[in-house]
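A look at the structure
Residue-level listing of the chains:
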Amino acid sequence: MSTTALDTSVRPEDRFISAFEVNHGEALNGTNASIAKQREEAIERFADLGIPTNDLELWKYTNIAKIIDRPYTLPLGEAEASVDESDIAPFLYDDMDAHRVVLVNGRVDEALSDIGDLPSGVVVSSLAQAGKQHPDVVEEHYGKYADFEDEALTALNTAFVQDGAFVYVPSGTVVEKPIFFLHITASEQDLLLQPRHLFVAEDGAIARIVEAQHSLTDAQTFTNTVSESFIGEKANLEHYLIQDQGLSASQVHTRAAQQKDDSVYTTITGTFTGDVVRNNVNIEADGSFCESNMYGLVIGKDEMHVDNHTFMGHVQPDCRSNELYKHVLNDASTAVFNGKVFVSRGSQRIDAYQQNDTLVLTKDAEIYTKPELEIYADDVVCSHGATTGQIDEESLFYLRSRGLSERRARILMLQAFAQEVIDEIQLDSLKEHVAERVRTRFSSYFA
């Protein structure tokens, strides 16, 4: 694996522009000129936008510039086989029978992957391989849903894209087993990674995708991920993301999805560790009778900073959306929630629900929350809200009066608070893993 060290003597924007010019050929250019052209346009747009600062409203509470302004190394070329089966064993979920793909530092490691027998026509591979073997699908969907015109880090990812995950489920196909992408970071160097994912579920297709992020290093890393999903007419796609890379890992993870008529898309994010974590989830219901679901659970500790930004775009009538994000913040952890539900003119009969609830356990923990509705139609049922508080002392007293210790009572109350999101996980093996991770964390709060 070749690498390029970013020049820290110049401002961060110039470092990336220079690295792009030097390493122009070390990228995913596809089988035609369209991706290469997008990369040229993206680096120009990044140069115009610059790295986001706190002066921008959407980045008001998250100083991502501080995280990016570090002496990272960009990995280039083919990944080295530095990870073996024993390394990934602790991160494999018990009882999950899945099509497994392992990505090491953003690149698919075929030796560690176990895709198994897939239904006819289904493709699970690296994005680089898909660009060669399925250029028509990539050409149709790549770069169509994650817009880099106003998002500098999406532009940066587009400019430097090399590899990532690819899933294609043809019309009418049901993938019974979940598709499990295990992301492993492994390096003694401070790395900046920029994986790119593309998930396509055509008309009537049904699939579940699970992504889990873990690390084998204590080095400082920054991962700038962009994931695009297309959910065709009457298709159903569930997308789970577990963020647990450790306290020295930072990331911006952008998910952009487009839905067609009668489709269902569900995305659930569980964040357990990280230095600075920013999640952008953007869904466009570009069809009637769509159902869109966004759920998130943040279990904060130490000085974690987790920022969830969501956008639910209703641009067609007769759709419904559900959104629930919950935070439990301990120590000096910080959470940000900014969610917008947008209903365009003419998109009547929309039923949209949005809620953000937070428990703050210490005086040093902080939450900044801003739920938003922007509605241009009059025949809608839309609601939004946010609550912030501490453990209810009356409920605590009730549990203790029934014989529970104070420690056990507090843990049970926190578990009940988080359970509403956990219950939305439809995959039993994953649900049990998340529930156990939550129990372990809450137990550590009151050790």
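Quick look at the structure, then. All of these numbers come straight from a predicted model, not from anything done at the bench.

Scanning the chain for helices and strands turns up 10 helices and 22 strands. Whereas a compact globule of 447 residues would reach a radius of gyration of roughly 22 Å, the chain reaches 21 Å, a difference of no more than 12%. Projected onto its principal axes, the C-alpha positions of the chain cover 70 × 50 × 50 Å. Of all intrachain contacts in the chain linking residues separated by at least 6 positions in sequence, the fraction that spans at least 24 positions is 84%. Split by element, the accessible area of the chain, about 17900 Å² in all, is 45% carbon and sulfur.

Moving on, we come to the pattern of salt bridges. Tallying each qualifying case throughout the model produces 24 salt bridges. The closest approach of N and O atoms between K260 and D286, which form a salt bridge, is 2.9 Å. In this pair, K260 is assigned in the loop between β13 (249-259) and β14 (264-271) and D286 in the loop between β15 (276-285) and β16 (291-300), connecting sequence segments 26 residues apart. A relative accessible area of 22% places D286 in the partly exposed class. It is possible to trace a salt-bridge network through shared partners that takes in R11, E13 and D14.

Another point: the nonpolar core. If you look at the biggest cluster of nonpolar residues, it comprises 43 residues, and the most contacted ones within it are L430, V438 and F442. At the level of elements, β3 (99-104), β7 (179-185), β10 (206-215), β12 (236-243), β16, β18 (320-329), α9 (406-422) and α10 (428-445) are the ones that each hand at least two residues to this core. For this core, the element with the most residues is α9, which contributes eight residues. Judged by nonpolar contacts, the second largest core, of 34 residues, contains A165, M294, M312 and C319.

Time to look at the pairing of β7. Across the seven residues of β7, seven count as buried, placing the element largely inside the fold. Here β7 shows two buried faces, one formed by I179, F181, H183 and T185 and the other by F180, L182 and I184. Note: β3 against β7, six bridges, orientation parallel. Note on β7: the bridge partner recorded for H99 is I179. Pairing geometry for β7 and β10, over seven bridges, is parallel.

Applying the stated criterion across every chain yields a total of five cavities of 30 Å³ or more. The computed volume of the second largest cavity comes to approximately 100 Å³. Taken together, N105, G106, H183, I184, T185, L193, P195, H197, Q213, T223, T225 and Q245 form the lining of the second largest cavity. Looking at the lining of the second largest cavity, the elements with two or more residues in it are β7 and β11 (221-231). Broken down by element, the residue count for the lining of the second largest cavity peaks at three residues, all from β7. For the lining of the second largest cavity, the residue count by class is three nonpolar, nine polar and no charged.

Rules behind the numbers
- Residues numbered from 1 in each chain as written.
- Predicted model: local features only at pLDDT ≥ 70, side-chain atom pairs only at ≥ 80, totals over all residues.
- Heavy atoms only, no water.
- Helix = DSSP H or I, 4+ residues; strand = E, 2+ residues; numbered from the N terminus.
- Rg over C-alpha atoms; globule rule 2.2 N^0.38 Å.
- Contact = heavy atoms within 4.5 Å.
- Areas by Shrake-Rupley, 256 points an atom, 1.4 Å probe, with all protein chains shown as cover.
- Salt bridge = Lys/Arg side-chain N within 4 Å of Asp/Glu carboxyl O.
- Buried < 20%, exposed > 50% of the residue type's maximum accessible area, 1.4 Å probe, protein only.
- Core = buried A, V, L, I, M, F, W, Y, C linked by side-chain atoms within 4.5 Å.
- Pairing = 2+ DSSP bridges.
- 1 Å grid on protein atoms, 1.4 Å probe; cavity = no way out; pocket = protein on both sides within 12 Å on 5 of 7 lines; lining within 4 Å.
- Points joined across faces, edges and corners; volume = space filled by probe spheres on them.
- Nonpolar A, V, L, I, M, F, W, Y, C, P; charged D, E, K, R; others polar.

Nothing here speaks to function; it is all geometry.
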